[in-house]
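Read off the chains here:
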Amino acid sequence: MLNFTVGPVQSSETVREIGSHQVPYFRTAEFSDVMFENEALVKKFAKAPEGSRVVFITGSGSASMEASIMNTLTSADKVLVVNGGSFGHRFVELLQLHQVPFEEIALEAGTPLAACHLEPFENKGFTAFVVNMHETSTGILYDMDMISAFCKRNGLFLIVDCISSFLTDPFDMGALGADIMITGSQKALACPPGISVMVLSPRALERVSKTRCVCQYLDLQIALRNAERGQTPWTPAVGTLLQINARLKEIDAAGGVEKEIARTAHLARYFRDRIKAFPFKEFSCSPSNAVTALCPTTVSANDLFLKLKDEYGIWICPNGGDLKEKVFRVGHIGCLTEKDYDCLLAAFADLQKKGFI
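No experiment lies behind these values; they were computed from the predicted model shown.

## Thoughts on the overall build of the protein chain
Piece 1. Within the protein chain, the regular secondary structure consists of 13 helices and 14 strands.
Piece 2. In terms of overall dimensions, the protein chain is globule-like: its C-alpha atoms have a radius of gyration of 20 Å, near the 21 Å expected for 357 residues.
Piece 3. By principal-axis analysis of the C-alpha atoms, the protein chain measures approximately 60 × 55 × 35 Å.
Piece 4. Counting the 357 residues in the protein chain, one finds 57% classified as buried.
Piece 5. Pairs at least 24 apart in sequence give 72% of the contacts found in the protein chain among residues at least 6 apart.
Piece 6. Total accessible area on the protein chain is roughly 14,500 Å²; 53% of this is exposed by carbon and sulfur atoms.
Piece 7. Taken together, the 35 basic and 40 acidic charged side chains of the protein chain have centroids lying 1 Å from each other.

## Comments concerning the sheet that holds strand β8 (residues 157–161)
Piece 1. Read from one edge of the open sheet, seven strands run β2-β10-β9-β8-β5-β3-β4, paired in mixed fashion. Each edge of the open sheet is held by one strand with a lone partner, namely β2 (53–58) and β4 (102–106). In this sheet, neighbouring strand axes are inclined to one another by 15 degrees on average, regardless of whether the strands run parallel or antiparallel.
Piece 2. As paired strands, β8 and strand β9 (residues 180–184) are joined by three bridges and run parallel to one another. Pairing of Asp-161 across the sheet is with Ile-182, part of β9.

## Some thoughts on the sheet that holds strand β11 (residues 280–282)
Piece 1. Here three strands make up an open sheet; going across it, the order is β11-β12-β14 and the pairing antiparallel. The open sheet terminates on both sides in strands that have one partner only, identified here as β11 and β14 (328–331). Taking each pair of neighbouring strands and ignoring which way they run, the sheet shows an average axis angle of 40 degrees.

## A closer look at the side chain of Ser-68
Piece 1. Mapped onto the fold, Ser-68 is located in helix α3 (residues 61–72).
Piece 2. The exposure class of Ser-68 is buried, given its relative accessible area of 0%.
Piece 3. For Ser-68, the contacting residues outside a window of four places in its chain are Leu-73, Phe-91, Ile-159, Ile-180, Ile-182 and Met-198.

## A closer look at the packing of aromatic side chains
Piece 1. In total, this model carries 12 aromatic pairs according to the counting rule given.
Piece 2. Centroid distance Phe-278 to Phe-348: 5.8 Å. Interplanar angle 55 degrees. Geometry classified as tilted. Of this pair, Phe-278 sits in the loop between α11 (257–275) and β11 while Phe-348 sits in helix α13 (residues 338–353); the two residues are 70 residues apart in sequence, bridging distant segments of the chain.
Piece 3. Exposure remark for Phe-278: the relative accessible area of 11% places this residue in the buried category.
Piece 4. Between Arg-207 and the ring centre of Phe-157, over which it is positioned, the NZ or CZ distance is 4.6 Å.

## Quick word on helix α9 (residues 220–227)
Every α-helical turn comprises 3.6 residues, leaving residues that sit three or four positions apart pointing alike.
Piece 1. Within α9, six of the eight residues are buried, which leaves the element mostly enclosed by the surrounding structure.
Piece 2. If you check which residues of α9 are buried, you get Leu-220, Ile-222, Ala-223, Leu-224, Asn-226 and Ala-227.
Piece 3. Tucked into the core, α9 has its buried residues touching α2 (29–46), β2, α3, β10 (195–200) and α8 (202–210).
Piece 4. Capping of α9 at its N-terminal end is provided by Asp-219; its side-chain oxygen lies 2.9 Å from the backbone amide nitrogen of Gln-221.

## Topic: the packing of α11 against α13
Axes are the key here: two packed helices are described by the angle between their axes and the distance separating the axes.
Piece 1. Where α11 meets α13, the axes come as close as 10 Å, and the angle between the chain directions of the two elements is 20 degrees. Classified by the angle their axes make, α11 and α13 are roughly parallel. Judged by the twist between their axes, the crossing of α11 over α13 is right-handed. From α11, His-266, Leu-267, Tyr-270, Phe-271, Arg-274 and Ile-275 reach across to α13, where they touch Glu-338, Tyr-341, Asp-342, Leu-344, Leu-345 and Phe-348.
Piece 2. Counted by class, the contact of α11 with α13 contains eight nonpolar, one polar and three charged residues.

## What about the nonpolar core?
Piece 1. Counting 61 residues, the largest nonpolar core has Leu-113, Phe-129, Val-131, Ile-147, Leu-158, Val-160 and Phe-171 as its most contacted members.
Piece 2. Residue contacts for Leu-113: discarding those within four places in its chain leaves Val-82, Ile-105, Leu-107, Leu-118, Tyr-142, Met-146 and Ile-147.
Piece 3. Core analysis: the next-biggest nonpolar cluster, separate from the first, contains 32 residues, Met-70, Leu-73, Val-81 and Leu-218 among them.

## Describing the pattern of salt bridges
Piece 1. What the rule picks out here adds up to 14 salt bridges.
Piece 2. In this structure, Lys-210 engages Glu-206 in a salt bridge whose closest nitrogen and oxygen atoms are separated by 3.0 Å. Within this pair, Lys-210 and its partner Glu-206 are both found in helix α8, separated by four residues, close to a single helical turn.
Piece 3. Overall, the relative accessible area of 64% leaves Lys-210 in the exposed class.
Piece 4. You can call Glu-206 partly exposed: its relative accessible area is 43%.
Piece 5. The salt bridge partner of Lys-354 is Asp-350, with a shortest N-O separation of 3.1 Å.
Piece 6. In this structure Lys-354 comes out as exposed when scored by relative accessible area, which is 56%.
Piece 7. With a relative accessible area of 25%, Asp-350 lands in the partly exposed category.

Here is what the cut-offs are and how they apply
Residues numbered from 1 in each chain as written. Predicted model: local features only at pLDDT ≥ 70, side-chain atom pairs only at ≥ 80, totals over all residues. Heavy atoms only, no water. Helix = DSSP H or I, 4+ residues; strand = E, 2+ residues; numbered from the N terminus. Rg over C-alpha atoms; globule rule 2.2 N^0.38 Å. Buried < 20%, exposed > 50% of the residue type's maximum accessible area, 1.4 Å probe, protein only. Contact = heavy atoms within 4.5 Å. Areas by Shrake-Rupley, 256 points an atom, 1.4 Å probe, with all protein chains shown as cover. Lys, Arg positive; Asp, Glu negative; His and termini not counted. Charge placed at Lys NZ, Arg CZ, Asp CG, Glu CD. Pairing = 2+ DSSP bridges. Axes fitted to C-alpha atoms, helices over the stretch in contact; angles between N-to-C directions. Phe/Tyr/Trp six-rings, centres within 6.5 Å; stacked < 30°, edge-to-face > 60°. Lys NZ or Arg CZ within 6 Å of the ring centre and 35° of its normal. Polar contact = N/O pair within 3.5 Å; in protein donor to acceptor, adjacent residues only side chain to side chain. Parallel < 35°, antiparallel > 145°, perpendicular 65-115°, else oblique. Left-handed = near helix turned anticlockwise from the far one by under 90°. Nonpolar A, V, L, I, M, F, W, Y, C, P; charged D, E, K, R; others polar. Core = buried A, V, L, I, M, F, W, Y, C linked by side-chain atoms within 4.5 Å. Salt bridge = Lys/Arg side-chain N within 4 Å of Asp/Glu carboxyl O.

So far we have only geometry, and geometry alone does not tell us how the molecule works.
Structure, rendered in structure tokens:
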């Protein structure tokens, strides 16, 4: 199968080879060294401010989304959240569940956040801002410089879900003043799913230290204490953490985060330049390098997903809810090449020739 989804994605031979080995015992100095190295490289790639810490949670990105809410926000806060798709809506649900007061900026799917959306909330007593930098369900990439300036003007604590945008789009945690950055193992890290990663600024660490988390497994105070010795409080996805280590070192050796972003951007441009020959419209006017969201004009998006999967051995990324029949997505993350996209484009051409699209 050729995999153009946005997670899990195709992994390199190095990462896959580690996955074929027996998983080692992890309460050792050797594993602690791996975790310290993971933390240092994640902070380097996120451009985290001095004094930041990293927590690795065995769980999907949603686990870290919830942990960020539970460990830093309370009923004393007033949160502004961007809801432009299924993952923005997930943050809304988490704020509701944990009884954190909030107001939402509800955007139509595929619509970028603009200054006019923020203006009504200037100087209105908000304490925090929560956003998915890349709303993966629609392909939209939000303007983080604009969001950062708004948060700095209003003194807001900034939580950013970078789950699908980390290593694909520029993100400077220190310059943006972001307090929490979240990503996941199965996105541009191109490892199996099972680990979510949180980078916590010094301001976030201060909030964590003062917040009572009513959940043992996702209590960041416990996680941070264990991380001081290069460990996790609970049994982690050991094999995936070893694969993350290999992948981070792979990226570092190839030129670092800037080179990885440039590689992903090139694949996105390569595909977008060639897809214009087919009856598809780009859904997002502000796409991330991570994925291209497309609306087929002659066929159901879900039918196209099934046809490619069943007859060509190719996975594109389907959608759900109201977008199920309207939008499909093609990822640009993971171990992909121009030749892989040529295979996908050839499949589209064959389907066009057969009158399917």
